[in-house]
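# Observations on the three-dimensional arrangement
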Amino acid sequence: MTVARVLVIGLDPAKLEGWDPEPIQAALARGRARFDDHGVEADWCLVALDEDTEAVIVEALRRDDYAVVVIGGGIRSHEPLLGLFEKLINLVRLHVPGAAIAFNTSPEDCLDAALRWLPQNPGGVEQL
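Since the model is a prediction, treat every value here as computed from it, not as a measurement.

Rules and cut-offs
- Along each chain, numbering runs from 1 in the same order as the chain's sequence is written.
- Side-chain atom pairs in this predicted model are given and counted only at pLDDT of 80 or more, local residue features only at pLDDT of at least 70, and totals for whole chains, interfaces and linings cover all residues.
- Computation of side-chain values: all heavy atoms of the structure, hydrogens and water removed.
- Helix numbering and strand numbering both begin at the N terminus, where a helix is a DSSP run of H or I of at least 4 residues and a strand a DSSP run of E of at least 2.
- Accessible surface area values rest on a Shrake-Rupley calculation with a 1.4 Å probe, where residue burial reflects the displayed protein chains alone.
- Under the counting rule used here, the positive set is Lys and Arg, the negative set is Asp and Glu, and His together with the chain ends is not counted.
- Note that the charge is assigned to NZ on lysines, CZ on arginines, CG on aspartates and CD on glutamates.
- Any two of the Phe, Tyr and Trp rings considered here, Trp counted by its six-membered ring, make a pair once their centres fall within 6.5 Å; the pair's planes then place it as stacked at under 30 degrees, edge-to-face at over 60, or tilted in between.
- Only protein chains enter the area calculation, which uses a 1.4 Å probe; residues under 20% of their type maximum are buried, those over 50% are exposed, and those in between are partly exposed.
- Arc definition: it is the arc formed by the directions from the helix axis to the C-beta atoms.
- When checking whether two residues touch, look at their non-hydrogen atoms; a contact exists if any pair is within 4.5 Å.
- A cavity, in this analysis, means grid points on a 1 Å lattice covering only the protein atoms where a 1.4 Å probe fits yet has no way out; a pocket is instead an open set bounded by protein on both sides within 12 Å along at least five of seven lines, and a residue lines either one if it has an atom within 4 Å of a point.
- Grid points are joined across faces, edges and corners, and a volume is the space filled by probe spheres set on the points.
- Residues are grouped as follows: Ala, Val, Leu, Ile, Met, Phe, Trp, Tyr, Cys and Pro are nonpolar; Asp, Glu, Lys and Arg are charged; every other residue, Gly included, is polar.

## Overview of the overall build of the protein chain
Counting its secondary structure elements, the protein chain contains five helices and four strands. Dimensions of the protein chain along its principal axes, counting C-alpha atoms only, are 40 × 30 × 25 Å. As presented, the protein chain carries roughly 7,200 Å² of accessible surface, and 51% of it is formed by carbon and sulfur atoms. Averaging the locations of the 11 positively and 21 negatively charged side chains of the protein chain gives two centres separated by 3 Å.

So this is what it looks like as structure tokens:
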């Protein structure tokens, strides 16, 4: 049986200037642990704004046949990153057209966002 996989894409807090990365890194660790606790396989793609984000994201999207791609709030909600957000949506559509796109509200609820769209629900949470 094939296990549905999730890709989480967000900003790398260690590479953001003017931010203390530790609280965000701790929240990311708690979010990753939730995937493990629920038996959901997830990959993470954390990008820096000073790198070739498109190439990094495309490489991550091509790693597997993802059922869901969760896009983090740092990319979605920061107005100067609107162009990156649009590009990311279109890259997902191009490289994993069968994947659902989900949005989290924090690094800790990426699993909840993914579970809304996973075709099989290994975590036992009712689907919408």
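## Topic: the packing of aromatic side chains
Evaluation of the coordinates by the stated rule reveals two aromatic pairs. Measuring from centroid to centroid gives 5.9 Å for F35 and W44, while their planes differ by 90°, and the two rings are edge-to-face. Accessibility expressed as a relative area gives 1% for F35, which makes it buried.

## Considerations on helix α2 (residues 53-61)
Of the positions making up α2, those classed as buried are T53, I57, V58, A60 and L61. Buried residues of α2 fall within an arc of 160° about the axis and therefore sit on the same side. Contacts from the buried residues of α2 go to β1 (5-11), β2 (41-47), β3 (68-71) and α4 (82-95).

## Concerning the layout of surface pockets
Taken as a whole, the largest pocket holds about 460 Å³ of empty space. In terms of lining residues, the largest pocket is bounded by 25 residues, among which L11, L16, I24, G73 and G74 are the most central. Counting residues per element, the ones that place at least two in the lining of the largest pocket are β1, α1 (21-37), β2 and α3 (73-77). Residue contributions to the lining of the largest pocket peak at four residues, all from β1. Among the residues making up the lining of the largest pocket, the classes are represented as 15 nonpolar, nine polar and one charged.

Read these as layout, nothing more, since geometry by itself doesn't imply function.
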